[in-house]
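Results of the structural survey
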Amino acid sequence: MSEYRLLFSKEGTASYISHLDLLRTFQRAFIRSGLVIRHSSGFHPHPKMSFVLPLSVGQTSAYELLDFETVEELPCAALPARLNAHLPSGVEILDCWTPERAVRELRSLRADVTLTYDRGVPEGAAEAIRALLLGDTVVVSKRNKKKQMADVDIRPMIESVEAETAGEDLVLHVTVQAQNPGVNPALLAAAVERHLPAYRADFVQVRRLSLLDSEGKLFR
């Protein structure tokens, strides 16, 4: 038995592939490439593979991780090309290695939250939004463990925010807590809509850039 971790990107229309469909996509890619994945025991065995931090539908990413186990040792360097031949457009494996850290050691994620304004970025938006997100409290409606909507203060989960204007876009370069608890970067745009309605964006796009450990180093 061998354990591996794949780094892959999810771009373009692939961003609309759901978590479960992406899992099935990889399962098919493994089968078609001739890789034998280790399965659990019991009456309903399932393949030993899981995404480290599943991405929300509609978001793109340059840094997605997939852990899996095989029944035999494989040359890791050859796996990206071998699997990419069977993956859809927009999903590309970039690297492969033996896991160096347990998933529980993952702490933060870096992302770009792009706010697009049809009439251009409103004057003062960058300063006001940054002040809001780095203020004392940032209350948003968030679904809890009981699948009910409730007001939650996400400010403790926001580690850093920088704002940059690019044409009709305002790009928020953010670092947020990833788990236990974590916050979806899209909620930062929801906070703007709730607390600063004058700066509500006409379109929001989230792009994950990297995953980090407690020391701020790249999580591998």
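Everything here concerns the structure above.
We now turn to the structure provided with this report. As the structure is a prediction and not an experimental result, all values here were calculated from the model. (Residues numbered from 1 in each chain as written. Predicted model: local features only at pLDDT ≥ 70, side-chain atom pairs only at ≥ 80, totals over all residues. Heavy atoms only, no water.)

Brief notes about the state of the cysteines
Counted only if it meets this: Our working definition of a disulfide is a cysteine sulfur pair at a distance within 2.5 Å. Counting from the N terminus, the helices are DSSP H or I runs at least four residues long and the strands are E runs at least two residues long. Only protein chains enter the calculation, and the probe is 1.4 Å; a residue is then buried if its accessible area is under 20% of its type maximum, exposed if over 50%, and partly exposed in between.
Following the criterion strictly, the structure yields one disulfide and no others. Between the sulfur atoms of C76 and its disulfide mate C96 the distance is 2.1 Å. Torsion about the S-S bond of the C76 and C96 cystine: about -95 degrees, corresponding to left-handed handedness. In this pair, C76 is assigned in the loop between β3 (60-70) and α2 (79-84) and C96 in strand β4 (residues 91-97), connecting sequence segments 20 residues apart. Relative accessible area serves as the criterion here: at 17%, C76 is assigned to the buried category. By relative accessible area, which is 10% here, C96 ends up buried.

Considering helix α4 (residues 186-195)
Our working rule: Note on contacts: a residue pair qualifies if any of its non-hydrogen atoms lie within 4.5 Å across the two residues.
Of the residues making up α4, those classed as buried are L187, L188, A189, A191 and V192. For α4, the elements touching its buried residues are β5 (106-116), α3 (125-133), β6 (139-143), β8 (158-166), β9 (169-177) and β10 (203-213).

Looking at the pattern of salt bridges
How we decide: Salt bridges are counted wherever a side-chain nitrogen of Lys or Arg sits within 4 Å of a carboxyl oxygen of Asp or Glu.
Following the criterion strictly, the structure yields 12 salt bridges and no others. Where E100 meets R220, a salt bridge forms, and the shortest distance between an N and an O atom there is 3.5 Å. In this pair, E100 is assigned in the loop between β4 and β5 and R220 in the segment after β10, connecting sequence segments 120 residues apart. Relative accessible area serves as the criterion here: at 52%, E100 is assigned to the exposed category.

Describing empty space enclosed by the protein
We apply this condition: Grid spacing is 1 Å over the protein atoms alone, the probe is 1.4 Å, and a cavity is where that probe fits but cannot get out, while a pocket is an open set with protein on both sides within 12 Å along at least five of seven lines and lining residues have an atom within 4 Å of a point. Grid points are joined across faces, edges and corners, and a volume is the space filled by probe spheres set on the points. By the convention adopted, Pro, Cys, Tyr, Trp, Phe, Met, Ile, Leu, Val and Ala count as nonpolar, Lys, Arg, Asp and Glu as charged, and the other residues, Gly among them, as polar.
Under the defined criterion, the tally for this structure stands at one cavity of 30 Å³ or more. The calculated volume of the largest cavity comes to roughly 60 Å³. What lines the largest cavity is simply K10, H19, L22, F51, P54, L55 and E64. Across the lining of the largest cavity, the residue classes break down as four nonpolar, one polar and two charged.

Take it as geometry only, folks, not as evidence of what the structure does.
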